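Chain and residue survey
If you want the building blocks of each chain, they are given just below.
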Amino acid sequence: MTPDETLALWNKERETVVARMLAGGGKPGLARPDMVAGKTGLEVMQAMLAGALPFPHIADTLDFSLVEVAPGKAVFQGTPQLKHYNPLGTVHGGWYATLLDSALGCAVHTMMPAGRAYTTAELGVNIVRAASHQTGPLRAIGTVIHCGRQLATAEARIVGPDGKLYAHATTTCLVFEVPAARG
């Protein structure tokens, strides 16, 4: 596929996912514990894509969205904009880091059995190419390397439709049992 064909496919996929999320009632917010109880991490992520669960406010704030999940994988799409610039006139490193952290964490989330959760313990980010408001859509693709009872590791890359690498990251996540709700 040419970069233009890839970009057209990406945009169509994102439009389809966002429309499905909104049609299902999806909006920014926090899922209540009873909404996710008994669900695996993959089921939670799929429910978010279907609009049955709210998606995190950060996606709205930084204008990116989850577009795909599978066991051990999560894909986000975002477009850097002028409002994401730092005082030096370049895309803020936090934009890359947040997009990568989202892909990494959600990839790990897809591997969680019901009753288990995770938190980021370490995040390493490498920005290798500057993006700008003229770059267009970029994708962060996160994949799990290892998922055990106590630790999970994952890697992610931000790429353009032409395959160019913009940034990459790794994470170590602490995996734990979700405390039982007290009544």
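Relevant structure appears above.
Residues numbered from 1 in each chain as written. Predicted model: local features only at pLDDT ≥ 70, side-chain atom pairs only at ≥ 80, totals over all residues. Heavy atoms only, no water.

Moving on, we get to a nonpolar patch on the surface. A cluster of nonpolar side chains, contributed by Leu-123, Val-125 and Ile-127, occupies part of the molecular surface with about 210 Å² of accessible area. With respect to the helices, strands and loops of the structure, Ile-127 is situated in strand β3 (residues 116-127). Relative accessible area serves as the criterion here: at 43%, Ile-127 is assigned to the partly exposed category. (Patch = residues over 30% accessible without salt bridge, like charges linked within 9 Å, V, L, I, M, F, W, Y side chains within 5 Å. Areas by Shrake-Rupley, 256 points an atom, 1.4 Å probe, with all protein chains shown as cover. Salt bridge = Lys/Arg side-chain N within 4 Å of Asp/Glu carboxyl O. Helix = DSSP H or I, 4+ residues; strand = E, 2+ residues; numbered from the N terminus. Buried < 20%, exposed > 50% of the residue type's maximum accessible area, 1.4 Å probe, protein only.)

Right, let's get into the layout of surface pockets. Volume-wise, the largest pocket comes out at about 1000 Å³. Along the wall of the largest pocket there are 41 residues; nearest its centre are Ala-31, Val-36, Val-44, Met-48 and His-109. Within the residue set of the lining of the largest pocket, elements represented by two or more residues are α2 (33-36), α3 (41-49), α4 (57-61), β1 (64-70), α5 (93-109) and β3. With five residues, the top contributor of residues to the lining of the largest pocket is α5. When the residues that make up the lining of the largest pocket are grouped by side-chain class, the tally is 27 nonpolar, ten polar and four charged. The volume enclosed by the second largest pocket comes to roughly 150 Å³. (1 Å grid on protein atoms, 1.4 Å probe; cavity = no way out; pocket = protein on both sides within 12 Å on 5 of 7 lines; lining within 4 Å. Points joined across faces, edges and corners; volume = space filled by probe spheres on them. Nonpolar A, V, L, I, M, F, W, Y, C, P; charged D, E, K, R; others polar.)

Looking now at helix α1 (residues 3-23). For an α-helix, 3.6 residues make a turn, and residues three or four places apart therefore share a direction. In this model α1 runs 30 Å from its N-terminal to its C-terminal C-alpha over 21 residues, within 8% of the 30 Å that 1.5 Å per residue would give. Inspection of α1 places Thr-6, Trp-10, Val-17 and Met-21 among the buried residues, and these make up the whole buried set. Summarising the axial view, the buried residues of α1 lie within an arc of 40 degrees, below the 170-degree limit, and thus occupy one face. Every exposed residue of α1 that faces more than 90 degrees away from the buried side is listed here: Asp-4, Lys-12, Glu-15, Leu-22 and Ala-23. Tucked into the core, α1 has its buried residues touching α3, β1, β2 (73-78), β4 (138-147) and β5 (151-159). Positive backbone phi, at 95 degrees, marks Gly-25, one or two positions downstream of α1. (Expected span 1.5 Å × (residues − 1). Arc of directions from axis to C-beta. Contact = heavy atoms within 4.5 Å.)

Note that β4 and β5 share eight bridges and pair antiparallel. Residue Val-144 lies in a different strand from β5, and its bridge partner there is Ala-154. Hairpin connection of β4 to β5: three residues between the antiparallel strands. Both β5 and strand β6 (residues 165-177) contribute to a ladder of nine bridges, which runs antiparallel. Among the inter-strand pairings, Glu-155 is bridged to a residue of β6, identified as Thr-170. Between β5 and β6, which pair antiparallel one after the other, the connecting turn spans five residues, and Gly-163 there sits at a positive phi close to 90 degrees. (Pairing = 2+ DSSP bridges.)

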